[in-house]
Amino acid sequence: MRGQGSGVILRLYMALFFVYMFLPLGIMVAAGFNAYSPPSVTVWQGFTLGWFGELWADARMWSGLRNSLIIAGAVIALALPMGLAGALLLGRLGTRAAGVLYTLMVSPLLTPGLILGISTVIFWRNFEVAGGLFTAILAQTTFVASYAMLMFMARLQRQDAALEEAARDLGATPLQAFRRITLPFLRPTIATAAVIAFLQSFENYNTTMFAIGGQHTLVTEIGSRMRFGLSPVVNVIGILFILATITCAVIWAILKERERRAANGASA
């Protein structure tokens, strides 16, 4: 009886959890197809795809998306090498200074985003660089690089240091040993860190809002419009993001299944 009661409670909890997680998304999707504005599901005026057309004709949203992609790409290109360099330094330093350096390198994660954005703009203003995409990239890189560093450190802790030592004994240079042994070992983490860096950059609002000056990204544009009331166009953007997420998840599952089948075939 206790086991049955625990199972009922667990199923009830899971049901409430999924309702809590997905009901707001369902309401958002339904409102995106409602002809009524502002977005609503309680007042229904009929099914429409007109809000998708409004989004297509919204040049400022598309320019914000372009800026978001530019910033995210640049942040990935800067944050991953910086994070990898920090992880390698801390992993091989082996002194008390490593603890101090670790604290300094992780501190951007604990700093409020608006402080990072404002401090970046103030610093570069001394060099007569106005706020824009450049300052937004640098401000985001400060904390995204810390995320990447932590991920690389976790991966490097599982690496067998004897492999690089053996390569060095066989005549490989440090660069060759890194390129042939460490870099392939880090390849899965590099891909994961790139995805995390992209998401952290693309959805960032606080740091970007204060660092980008007179320009805008997709997220800051949505945030600025929300101050003047809700628009079904924002719901349409949410619908497209959900579709993109589901598509990426399906593609990832298909690729992993192919890898599993290939591994089973090779072992057989």
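Residues numbered from 1 in each chain as written. Predicted model: local features only at pLDDT ≥ 70, side-chain atom pairs only at ≥ 80, totals over all residues. Heavy atoms only, no water.

Trainee: Any chance you could explain the packing of helix H6 (residues 133-156) against helix H8 (residues 174-202) here in plain terms?
Mentor: In a packed pair of helices, the relevant descriptors are the angle between the two axes and the axis-to-axis distance. Where H6 contacts H8, the axes come no closer than 9 Å and their chain directions differ by 150°. Here H6 is positioned roughly antiparallel relative to H8, judged by the angle of their axes. The two elements H6 and H8 meet at a crossing, and its hand is right-handed. Contact residues: H6 offers Gln140, Phe143, Val144, Tyr147, Met151, Phe152, Arg155 and Leu156, while H8 offers Thr182, Phe185, Leu186, Pro188, Thr189, Ile190, Thr192, Ala193, Ile196, Ala197, Gln200 and Ser201. (Axes fitted to C-alpha atoms, helices over the stretch in contact; angles between N-to-C directions. Helix = DSSP H or I, 4+ residues; strand = E, 2+ residues; numbered from the N terminus. Parallel < 35°, antiparallel > 145°, perpendicular 65-115°, else oblique. Left-handed = near helix turned anticlockwise from the far one by under 90°. Contact = heavy atoms within 4.5 Å.)

Trainee: What is the right way to look at the layout of surface pockets in this model?
Mentor: The rolling of a water-molecule-sized probe over the atoms marks out the regions of remaining empty space. In this structure, the largest pocket spans a volume of roughly 590 Å³. Those elements that provide at least two residues to the lining of the largest pocket are H8, helix H10 (218-226) and helix H11 (232-267). By residue number, the principal contributor to the lining of the largest pocket is H11, which donates seven residues. Here the residues of the lining of the largest pocket are counted per class, giving 11 nonpolar, two polar and one charged. Its volume calculated, the second largest pocket comes out at about 290 Å³. Around the second largest pocket sit Ala87, Leu88, Gly91, Arg92, Met153, Leu156, Gln157, Gln159, Ala161, Glu164 and Glu165, which together line it. Of all elements in the fold, only helix H3 (59-93), H6 and helix H7 (161-169) reach the threshold of two or more residues within the lining of the second largest pocket. (1 Å grid on protein atoms, 1.4 Å probe; cavity = no way out; pocket = protein on both sides within 12 Å on 5 of 7 lines; lining within 4 Å. Points joined across faces, edges and corners; volume = space filled by probe spheres on them. Nonpolar A, V, L, I, M, F, W, Y, C, P; charged D, E, K, R; others polar.)

Trainee: What is the right way to look at the pattern of salt bridges in this model?
Mentor: Between side chains of opposite charge, pairing is possible as soon as their charged atoms come close. Inspection of the entire model under this criterion finds six salt bridges. Between Glu221 and Arg225 there is a salt bridge, with its nearest N and O atoms 2.7 Å apart. Highlighted residues: Glu221 and Arg225, both in helix H10, separated by four residues, approximately one helical turn. The partner of Arg260 in a salt bridge is Glu257, with the nearest N and O atoms 2.4 Å apart. Taken together, the positions of Arg260 and Glu257, both in helix H11 and three residues apart, correspond to about one turn of that helix. For Glu257, a relative accessible area of 28% gives the class partly exposed. Where salt bridges share partners, they join Asp58, Arg60, Glu221 and Arg225 into one cluster. (Salt bridge = Lys/Arg side-chain N within 4 Å of Asp/Glu carboxyl O. Buried < 20%, exposed > 50% of the residue type's maximum accessible area, 1.4 Å probe, protein only.)

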